[in-house]
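As a plain string of letters, each chain reads:
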Amino acid sequence: MEPWKQLEAAAAALTAQQPEILGTVHPLASVLGSLRLGEGSAILPGTVIEGHVSIGRNCTIGPHAYLRGTTLVEDDCYIGHAVEVKSSIIRRGTRVAHLSYVGDSILEEDVNLGGGCICSNFRHDAGPIRMPHAGQLQDTGRNKLGCVIGAHSRIGCNCTILPGRVLPPHSRTAPGTVVSRPGKDCMG
C-alpha cells in the first residue's frame, strides 16, 4: 500500500479508537483528545497529547513533547524532549531524539532519528507532493506529506529530510545532511 494511504488508514483507525490509559500520565502532562497508552509507557511532565494518539507498551514520551493529529507510536519507542510528532506512524523500537519534528511521516522499525532532525511535510512553494512508489514517482494528492524512513536506519543529528522522500532500510546520514535525493544523500 502506498505510504500516504497507510497514513490515511491509520488516521481512520485512530479517529475511531476508544481512550484507554494503561501506562502513566504525569500530572503535569496534558491530554486534549483521545489517548490509548499501553502498559509500561510513561508520558513525562510538560508533554501535550492532542487529537487521536495511540502509544504502545514500554514507551517513554517527553518531557515537553507534543504529539498531535492522528499519531500512532508502536511498542518500545522513545520520543524525547521537545519533540513534535504530527499525524505520523512511528514503528516499534524507534527513537526520536530531542528537538526534532516528524510531520506526516512513517518511521519504520528500529529507526534512530538524531537530535534536531526535521522530517519536513510541506513544500515551501505549497505545491503538491510526489513520492516514489512501485518504481515510479507518483502524485500523492496531498500538499502535506513527510517522508518514509526504512527500518534500521540511522539519521544523524540536525538532518533535514524534504517532503516526499523515501529512505531505504539501513540508510545512514551524516550529521547536518539535507536529504533531497535518497541514495545520493545517504551513506551505505
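Thresholds applied
- Residues numbered from 1 in each chain as written.
- Predicted model: local features only at pLDDT ≥ 70, side-chain atom pairs only at ≥ 80, totals over all residues.
- Heavy atoms only, no water.
- Pairing = 2+ DSSP bridges.
- Helix = DSSP H or I, 4+ residues; strand = E, 2+ residues; numbered from the N terminus.
- Core = buried A, V, L, I, M, F, W, Y, C linked by side-chain atoms within 4.5 Å.
- Buried < 20%, exposed > 50% of the residue type's maximum accessible area, 1.4 Å probe, protein only.
- Contact = heavy atoms within 4.5 Å.
- Salt bridge = Lys/Arg side-chain N within 4 Å of Asp/Glu carboxyl O.
- 1 Å grid on protein atoms, 1.4 Å probe; cavity = no way out; pocket = protein on both sides within 12 Å on 5 of 7 lines; lining within 4 Å.
- Points joined across faces, edges and corners; volume = space filled by probe spheres on them.
- Nonpolar A, V, L, I, M, F, W, Y, C, P; charged D, E, K, R; others polar.

S.K.: Residue-level account of the pairing of strand β3 (residues 30–37), with values.
M.R.: Sheet topology places strand β1 (residues 20–21) next to β3; two bridges connect them, and they run parallel. For Glu 20, the partnering residue across the bridge sits in β3 and is Arg 36. Strand direction decides the pairing type here: β3 and strand β5 (residues 48–55), joined by eight bridges, are parallel. Along β5, the bridge assignment pairs Leu 35 with Val 53.

S.K.: Could you give an account of the sheet that holds strand β19 (residues 154–155), naming the residues involved and the relevant values?
M.R.: Read from one edge of the open sheet, seven strands run β2-β4-β6-β8-β11-β14-β19, paired in parallel fashion. With one partner strand each, in any of the chains shown, β2 (24–25) and β19 form the two edges of the open sheet. Where β2 meets strand β4 (residues 42–43), two bridges bridge the pair, whose relative direction is parallel. Residue Val 25 lies in a different strand from β4, and its bridge partner there is Ile 43.

S.K.: Outline the nonpolar core, listing residues and values.
M.R.: Ranked by size, the top nonpolar core spans 32 residues in total, and within it Ile 55, Leu 67, Ile 79, Leu 113 and Ile 149 carry the most contacts. Where this core is concerned, the elements lending two or more residues are β3, β5 and β7 (66–73). Broken down by element, the residue count for this core peaks at three residues, all from β5. Setting aside residues no more than four positions away along its own chain, Ile 149 makes contact with Ile 106, Leu 107, Glu 108, Val 111, Leu 113, Cys 119, Ile 155, Ile 161 and Leu 167.

S.K.: Hey, could you go over the pattern of salt bridges for me, with residue numbers and the actual values?
M.R.: In the structure shown here, the tally under the stated rule is twelve salt bridges. A salt bridge links Glu 108 to Arg 91; the nearest nitrogen and oxygen atoms lie 3.5 Å apart. Taken together, the positions of Glu 108 in the loop between β13 (106–107) and β14 (112–113) and Arg 91 in the loop between β10 (89–90) and β11 (95–96) put the pair 17 residues apart, joining distant regions of the chain. Overall, the relative accessible area of 23% leaves Glu 108 in the partly exposed class. For Asp 125, the salt bridge goes to Arg 123, with nearest N and O atoms at 2.6 Å. By relative accessible area, Arg 123 is classed as partly exposed at 31%.

S.K.: How would you summarise the side chain of Ser 54 if you had to cite specific residues and measurements?
M.R.: Here Ser 54 is to be found in strand β5. Apart from the residues within four sequence positions on either side, Ser 54 is in contact with Leu 14, Gln 17, Arg 36, Thr 71, Leu 72 and Val 73.

S.K.: So what's going on with the layout of surface pockets? Which residues, and what values?
M.R.: Taken as a whole, the largest pocket spans an internal volume of roughly 260 Å³. Ranked by residues supplied to the lining of the largest pocket, first place goes to strand β16 (residues 129–133) with three residues. Considered class by class, the residues forming the lining of the largest pocket number seven nonpolar, three polar and three charged.

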